[in-house]
Amino acid sequence: MKTAPIAGYRRSVLARSLALALTLPFAFSAAAQEATDEDEESTDETTQLDAVEVVGSRIKRAEIEGPSPVTVITSAQIEAEGFNTVYDALNTLTQTTGSIQNELTQNGFTPNAQVLNLRGLGPGRVLTLINGRRAADYPLPYNGQSNFVNLSSVPTAAVERIELLAGGASAIYGSDAVAGVINIVLKTNFEGQYLSYLTGKPSRGGAPTNDVQWVGGSTGERWSLTYAVEYFDRGAMYASERDFMDSYRDDPSVDPSAATAVQGIRLRDRLIGTGANSQVWQDGENLESTCARWGGDFEIDARPTGSWCGYYGYPATQAIRNSDENISGYIYGTLDINDNLQGFASLNVWDSQASAASATQFWSVPLYYDVNFGSIMDGQRIFTPSEVGGFDAQQTVFNEQSIDFSAGLRGSMMDNRFDWDFTVSHSRYETNNDRPRFLAQALTDFFLGPRLGTVAGFPAYALNQDRYFNPITPAEFNALSTIVKTRADSSASTAQFVLSGDLFELPAGPLSFAAVLEAGTQEYELNADPRILPGQNIIYNLTGTGGGGDRNRYALGSEFAIPVTDSFKATLAARYDLYDDITQVDNAFTWNAGLEWRPFDNLLFRGAYSTSFRAPDMHYIFADESGFFSTVFDEYACRNAGNTVTQCGNNATWNYSAFGVRQGNPDLEEEEGNSFTVGMVWDIVDNLSFTVDYYQVELEGVVGDISSAYILQNEADCRLGSDRQGNTVDGSSAFCQFILDSVIRTVGGPNDGRIEQVNRGPINRSYISNEGIDASLRYDMDTDRYGNFSYQLSWSHVLDQKFAEFAGEPRDSYRDDLTNFDFRSRMRGSVSWEYKDLNVTVFGIRYGSLPNWEETGRIAPYHVYNLNVGYEFTENFSANLIVNNVLDKIAPKDDSFFTYPFFWRAYSPIGREVFVQANFRW
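Residues numbered from 1 in each chain as written. Predicted model: local features only at pLDDT ≥ 70, side-chain atom pairs only at ≥ 80, totals over all residues. Heavy atoms only, no water.

Student: Help me understand the overall build of the chain, please; the structure alone is not making it clear to me.
Tutor: Tallying secondary structure elements over the chain gives 15 helices and 41 strands in all. Over its C-alpha atoms the chain spans a radius of gyration of 30 Å, differing by no more than 12% from the 29 Å that the globule rule assigns to 922 residues. Dimensions of the chain, computed from C-alpha atoms along their principal axes, come out at roughly 95 × 65 × 50 Å. Within the chain, the proportion of its 922 residues that are buried is 57%. For the chain, long-range pairs separated by at least 24 residues make up 71% of all intrachain contacts whose partners lie at least 6 apart in sequence. Total accessible area on the chain stands at roughly 36,700 Å², and carbon and sulfur atoms take up 53% of it. Placing the 67 positive and 118 negative side-chain charges of the chain at their respective mean positions leaves the two points 4 Å apart. (Helix = DSSP H or I, 4+ residues; strand = E, 2+ residues; numbered from the N terminus. Rg over C-alpha atoms; globule rule 2.2 N^0.38 Å. Buried < 20%, exposed > 50% of the residue type's maximum accessible area, 1.4 Å probe, protein only. Contact = heavy atoms within 4.5 Å. Areas by Shrake-Rupley, 256 points an atom, 1.4 Å probe, with all protein chains shown as cover. Lys, Arg positive; Asp, Glu negative; His and termini not counted. Charge placed at Lys NZ, Arg CZ, Asp CG, Glu CD.)

And the structure:
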């Protein structure tokens, strides 16, 4: 027995296209089920389907295509195209053009979470649903600020299909459905048993991946049971395992002999200056002998600005792929209580232990007076993996669990005229992470000893040169360190009643409707280690954020599908949301309208307009005071000294690190948006279909922090009484007072006048929009002699992006701005061939061009191809060879990219990966 391959999106105006999308699995899919030859024949002849609910509407319909474009990815497609996880597959969607932080951003706030950025509007502006219900947010805020759903917590084994509506849908689902809605539909009514084992590793070296999936189920006369278990294990990978990113000599912008090393060991006499003669070494020793003590990790770095032990391999100590070992379980069951009433329940649990690692720790020696050297000193000390006990000793360990439970009743009434569904659900996500960090006072005591008073306004110490200029031991590292513990959890609970059906007959058909009544609660609690909170200074070089709160929400909504004529249909939807929390979001009313015109059976013209809103993220509201360090440009000092901004450039006098403080804002209001789509779906001939849609999404009152750069530019304007162009600025205005209060400068001492602290927080401030085109082409060709072929191609192209910092300011187009690292276009496609017992799928993705790092032009587009070859040996056993990134591509060439990792983070450093998979079914 063989089944037809699915290798592309199922997008057709005809009902049989929905049948293909939802019922024809790839031959070696985890979702494949045994069927008889008679079943195959009946499937091939199917032309009429029961109505189903597809994302974007609660009204059931037989056509997948409606007034708004919907993309469907089946579990079969996820496997056929070579993806190990749900996130890997979703991240190839052409609509995900926006930049995100990922595992290459290990110094970020959420290095163990996976997110999508639809249309470049931000990770939190896509609503993620599990079986149509809200999932709990990841309890650690993205970039330390906003909330999102962590897609890595969704087990692949339990997934039946994923639906994406790219556009506003608040009139259906409420808050957050601004850029789009992702609905992850889990398996139901599965019969038989399926077991698969996948193993493989990168061809360039690195930790292997192992994935075991077991899916099973059975049905009785009045009951059904479906279950899935998955064990997934992928080891950590470090930059040291990639020769193109394991050293600062990999900087493509300079000759390797001229590369800049990080200052591994340096002690400087500040009264002498900053040149080579200012460097100080242990009594009786010199630079060469000191550097040699680290067994080759440190090398001599001699430049006009100084001479020290340089650490060229410092980037190699960072993880470029987190380790991840998780196990998940899923169970779903139904029981027919009577002919018109069914009970159902589902439970999905996930447990993960993962690890992440940024580069090894360092100690920046503060300005102090050394009684032995008789001078003002400072320095920097990097600690190598051999000093701290290996790569594993520096890892942050994440223990995370999530649970999603739902139960309810559904049935029909009034002689099956109306369907109803009542569901209660609860989801919860917990994360506990442990991070090794230095104790600030322990470092000072170990290297500087007790304080010996104050000299010239500086604390006086006597540096312990034996400790400073020699490697420490892992035991000493442990004595200087502690484990910083962060604990966080979030939850979402919902009760929902949905009624749908046909109200009455119109000349062109029934008037269909759906109504929803919903009540929910959402809460989170983030307990940062109290030692990293502002003002503590107990943990060296680490700050954190805490917070917690809850909100209740209630909603009432309705939808109507109105057949105007045999070929013309209108849809209307409206929803009222009521919020009970401490913000200024009391209520929100949203609506949408759609039109469908089918002049011919094979041609659909469609359009939709919708309004949307987004309640402020919980952490934007409830965040406690937190601190951070960042490099700032002191524009006031620069311009006050008689310079222009350009003249100041990157001069260290006006560019330096400063402390920042951030806190939540309970006075936030909702973001308000709208989206518009218009397009067509054309079944040109049998098995050949084409879609194209224009979209536009706008959002006003976007919540975000005022950037430090914006604050400091306006601080200079307000202090000097004029802006960069010489225009007069009223320094006594309320705006200037707000800005001036946001900047704290040091008074007196050696740092007199320098920026000491920048205070900032979230406000409703900006406007953002994105418009473009989505298109897809699909062709299925069945031949008797050469087998069956399937071709699929999808493309998204951004026509414009606009942004305004504050309301009333000009809305500037930034799509082509050379500081914008969102993709302007993405394309994905696949070709599948089924011949007897052989199945082959070639998948490819094209990323459009990005700016080069020096912002003078653009680099080339980027292509990646995956190959999946499967063979069915017996009715119960099949195997696959999967090669991802067949051509072993890393990133397009950019000779100007001078910062680690030497290419933009959207590209993967993993390279080619080869897997084998065995599949058993019975």
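Now that the structure is up, let's keep going.
Student: Before we go on, may I ask you to explain the packing of aromatic side chains in this structure?
Tutor: The geometry of an aromatic ring pair is captured by the separation of the ring centres together with the interplanar angle, meaning the angle of the planes. Counted according to the given criterion, the structure contains 45 aromatic pairs. Centroid distance Phe-447 to Tyr-468: 6.0 Å. Interplanar angle 85 degrees. Geometry classified as edge-to-face. On the criterion of sequence distance, the pair formed by Phe-447 in helix α8 (residues 440-448) and Tyr-468 in helix α9 (residues 465-468) is long-range, its members being 21 residues apart. Assigned by exposure class, Phe-447 and Tyr-468 land together as buried. Through successive ring pairs, a cluster of aromatic residues spans Trp-281, Trp-363, Phe-383, Phe-438, Phe-446, Phe-447, Tyr-468, Phe-469 and Phe-477. For the cation-ring pair, Arg-249 lies above Tyr-312, with the distance from its terminal atom to the ring centre recorded as 3.7 Å. Here the basic side chain of Arg-719 rests over the ring of Tyr-636, its NZ or CZ set 5.3 Å away from the ring centre. (Phe/Tyr/Trp six-rings, centres within 6.5 Å; stacked < 30°, edge-to-face > 60°. Lys NZ or Arg CZ within 6 Å of the ring centre and 35° of its normal.)

Student: Would you take a moment to explain a negative patch on the surface for this structure?
Tutor: There is a patch of like negative charges on the surface, built from Glu-523, Glu-525, Asp-550 and Asp-580. Looking at the element boundaries, Asp-550 is found in strand β24 (residues 547-563). (Patch = residues over 30% accessible without salt bridge, like charges linked within 9 Å, V, L, I, M, F, W, Y side chains within 5 Å. Salt bridge = Lys/Arg side-chain N within 4 Å of Asp/Glu carboxyl O.)

Student: What should I look at first to understand the state of the cysteines in this one?
Tutor: As used in these notes, a disulfide is a covalent bond between sulfur atoms, one from each of two cysteines. Evaluation of the coordinates by the stated rule reveals 3 disulfides. The disulfide partner of Cys-291 is Cys-309, and the S-S distance across this bridge is 2.2 Å. Classification of the bridge connecting Cys-291 and Cys-309 rests on its S-S torsion, roughly -105 degrees, and on that basis the disulfide is left-handed. In this pair, Cys-291 is assigned in helix α6 (residues 287-292) and Cys-309 in strand β12 (residues 306-311), connecting sequence segments 18 residues apart. Paired through a disulfide, Cys-638 and Cys-648 show a sulfur-sulfur distance of 1.7 Å. When the S-S torsion is 100 degrees, as for the bridge of Cys-638 with Cys-648, the disulfide is right-handed. Placement of Cys-638 in helix α12 (residues 635-640) and of Cys-648 in helix α13 (residues 645-648) is noted, with a sequence separation of 10 residues between them. What makes Cys-638 buried here is its relative accessible area of 0%. Taken N- to C-terminal, the disulfide-bonded cysteines of the chain are connected 1-2, 3-4, 5-6. (Disulfide = S-S within 2.5 Å.)

Student: Just to check I follow, could you spell out the environment of Thr-644 for this structure?
Tutor: Here Thr-644 shows up in the loop between α12 and α13. Owing to a relative accessible area of 41%, Thr-644 belongs among the partly exposed residues under this scheme. For the pair Thr-644 and Thr-783, spaced 139 residues apart in sequence, the C-alpha to C-alpha distance is 71 Å.

Student: Would you explain the packing of helix α14 (residues 708-720) against helix α15 (residues 734-741) in this entry?
Tutor: Pairs of packed helices are described in terms of their axes, by the angle between the two and the distance that separates them. At a minimum axis separation of 9 Å, α14 and α15 run at an interaxial angle of 120 degrees. When the axis of α14 is compared with that of α15, the two are oblique. Like other packed secondary-structure pairs, α14 and α15 cross with a definite hand, here left-handed. The segment α14 lies against α15, with Tyr-710, Ile-711, Asn-714, Glu-715, Cys-718 and Arg-719 engaging Phe-735, Cys-736, Ile-739 and Leu-740. (Axes fitted to C-alpha atoms, helices over the stretch in contact; angles between N-to-C directions. Parallel < 35°, antiparallel > 145°, perpendicular 65-115°, else oblique. Left-handed = near helix turned anticlockwise from the far one by under 90°.)

Student: How do you make sense of α8 when you look at a structure like this?
Tutor: Turn by turn, an α-helix covers 3.6 residues, leaving residues three or four places apart pointing in a common direction. Among the 9 residues in α8, 7 count as buried, and that is most of the element. Every buried residue of α8 is accounted for by Ala-440, Ala-442, Leu-443, Thr-444, Phe-446, Phe-447 and Leu-448. Each element contacted by the buried residues of α8 is listed here: β16 (362-370), β19 (418-438), β21 (458-461), α9 and α10 (474-480). With its phi angle positive at about 75 degrees, Gly-449 sits one or two positions after the end of α8.

Student: Help me out: how do you make sense of the sheet that holds strand β2 (residues 126-130) in this one?
Tutor: If you trace the 5 strands from one edge of the open sheet to the other, you get β1-β4-β5-β2-β3, paired in mixed fashion. Only two strands of the sheet have a single neighbouring strand rather than two, namely β1 (70-74) and β3 (133-134). As judged from the 5 bridges shared by β2 and strand β5 (residues 180-186), these two strands associate in the parallel manner. Directly across from Ile-130, in β5, lies its bridge partner Ile-184. (Pairing = 2+ DSSP bridges.)

Student: Mind showing me how you'd approach unusual backbone geometry here?
Tutor: Across the chain, the bulk of peptide bonds are trans and the bulk of non-glycine residues have phi less than zero. With an omega of 10 degrees, the peptide bond between Tyr-900 and Pro-901 qualifies as cis. On the secondary structure map, Pro-901 appears in the loop between β40 (877-884) and β41 (913-921). Positive phi outside glycine occurs at Asn-885, with the angle close to 55 degrees. Tracing the sequence through the fold places Asn-885 in the loop between β40 and β41.

Student: How do you make sense of the pairing of strand β25 (residues 568-580) when you look at a structure like this?
Tutor: Remark: a regular strand shows side chains that alternate across the two faces of the sheet. As judged from the 12 bridges shared by β24 and β25, these two strands associate in the antiparallel manner. Within β25, the position partnered with Leu-556 by the bridge is Tyr-576. Hairpin connection, β24 to β25: the antiparallel pair is bridged by 4 residues. In terms of strand pairing, β25 meets strand β26 (residues 587-600) through 11 bridges, oriented antiparallel. Its bridge partner lying in β26, Arg-575 is registered against Thr-590.

Student: Just checking my understanding: could you explain the pattern of salt bridges for this structure?
Tutor: Opposite charge on two side chains permits them to pair, given that their charged atoms come into close proximity. The full count for this structure, using the stated rule, is 43 salt bridges. A salt bridge links Asp-774 to Arg-119, with the nearest nitrogen and oxygen atoms 2.6 Å apart. With a gap of 655 residues between them, Asp-774 in strand β34 (residues 762-783) and Arg-119 in the loop between α4 (86-90) and β2 connect regions that are remote in the sequence. A salt bridge links Arg-639 to Asp-717; its shortest N-O distance comes to 2.8 Å. Highlighted residues: Arg-639 in helix α12 and Asp-717 in helix α14, separated in sequence by 78 residues. Given the relative accessible area of 13%, Arg-639 is considered buried. Among the residues examined, Asp-717 registers a relative accessible area of 6% and is labelled buried.

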